[in-house]
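# Structural characterization, general
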Amino acid sequence: MATSTRTTLGNPLDFDLQGTMAGYWVAVLRVITGYWFLHAGVTKYLAAEPFSAQGWLVNAPAASPIQGFLVWAGQTPWMLEFTNFMIPLGETLIGLGLVVGALVRLASFFGAFLMVFFYLGNASWSHGLVNGDLMGLLLFVTMGVLGAGRVLGLDAIIEDIDFADTRIAKYLLG
């Protein structure tokens, strides 16, 4: 996974994660982030009562820039049903993908997508704009940008399969 490019100053830039401490650290971050989401999704399935996002949606803080959308989603039966189905499923699949290192870029994209909604929907900015939701968003972006599935993950194995030579596979793997 080594790349060599020229920076704007003309100096070579080499970045290789395989077999480096940085690579191992990225793998640790990937697994921990994956466990975080896998746990969140699975516990929603195992809870005594079925998961419902309605309370969170309809009680979105007024400071939230997407409050209107969230309230609409919480009050629209088909959208609420879709949300209640997709949140646990999405968290579980995103977490599983990150834990095993498979389709990490795809999982990271959808993890970042969810975290944008959580960040904007919680609008808990009383201590500033940086909070746990933003940090989660940054973790997902980091996993996707660095192709974290190639370091001690299944993406390194999947890339050796013939279909992985396609353009779309190169975007999804990592």
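Just above, that's the structure.
Report follows, based on the coordinates.

Rules used in this analysis
Every chain begins its residue count from 1, and numbering advances along the sequence as written. Given that the model is predicted, a residue must reach a pLDDT of at least 70 before its local features are reported, and side-chain atom pairs must reach 80 or more before they are shown or counted; all residues, however, enter totals for whole chains, interfaces and linings. With hydrogens and water excluded, all non-hydrogen atoms of the structure serve as input to the side-chain values. Pairing of aromatic rings covers Phe, Tyr and Trp, the last through its six-membered ring, and needs centres within 6.5 Å; plane angles under 30 degrees mean stacked, over 60 mean edge-to-face, and all others mean tilted. Helix and strand definitions follow DSSP, with helices as H or I runs of at least four residues and strands as E runs of at least two, each counted in order from the N terminus. Buried, partly exposed and exposed residues are distinguished by accessible area as a fraction of the type maximum, computed with a 1.4 Å probe on protein chains only: under 20%, between the cut-offs, and over 50%, respectively. Note that the arc is computed from the directions linking the helix axis to the C-beta atoms. In this description, contact between two residues means that some pair of their heavy atoms is separated by no more than 4.5 Å. Working rule for helices: expected span equals 1.5 Å times residues minus one. Under the rule applied, a polar contact is a pair of N or O atoms within 3.5 Å (in protein, one hydrogen donor and one hydrogen acceptor; residues adjacent in sequence only if both atoms are side-chain atoms).

What follows concerns the packing of aromatic side chains. On inspection of all chains with the given rule, the structure shows nine aromatic pairs. Summarising the aromatic geometry, the rings of Phe69 and Phe117 are spaced 6.0 Å apart at their centres and angled 40° between planes, so their arrangement reads as tilted. Highlighted residues: Phe69 in helix α3 (residues 67–75) and Phe117 in helix α5 (residues 104–122), separated in sequence by 48 residues. The exposure class assigned to Phe117 is partly exposed, which follows from its relative accessible area of 26%. Clustering of aromatic rings is evident, with ring pairs tying together Phe69, Trp72, Trp78, Phe113 and Phe117.

A word on α3. All of the buried residues in α3 are Leu70, Val71, Ala73 and Gly74. All buried residues of α3 project into a common sector of 160° when viewed along the axis, lining one side. Along α3, exposed side chains directed more than 90 degrees from the buried face belong to Gly68 and Gln75. At its buried positions, α3 is contacted by α2 (54–58), α4 (77–100) and α5.

Phi is mostly negative for residues that are not glycine, and the peptide bonds are mostly trans. Backbone geometry at Leu103 places phi at a positive 50°, although glycine is not the residue there. Within the secondary structure layout, Leu103 lies in the loop between α4 and α5. The phi torsion at Leu152 lies on the positive side, around 55°, for a residue other than glycine. Note on placement: Leu152 falls in the loop between α6 (132–146) and α7 (154–158).

Turning our eyes to something else, we now look at α6. Between its first and last C-alpha, α6 extends 21 Å over 15 residues, near the 21 Å set by a 1.5 Å rise per residue. All of the buried residues in α6 are Asp133, Leu134, Gly136, Leu137, Phe140, Met143, Gly144 and Leu146. N-cap assignment for α6: the residue whose side-chain oxygen lies 3.1 Å from the backbone N of Asp133 is Asn131. Of the residues flanking the end of α6, it is Gly147, one or two places downstream, whose phi is positive at about 60°.

Treat this as a map of the structure, not an account of what it does.
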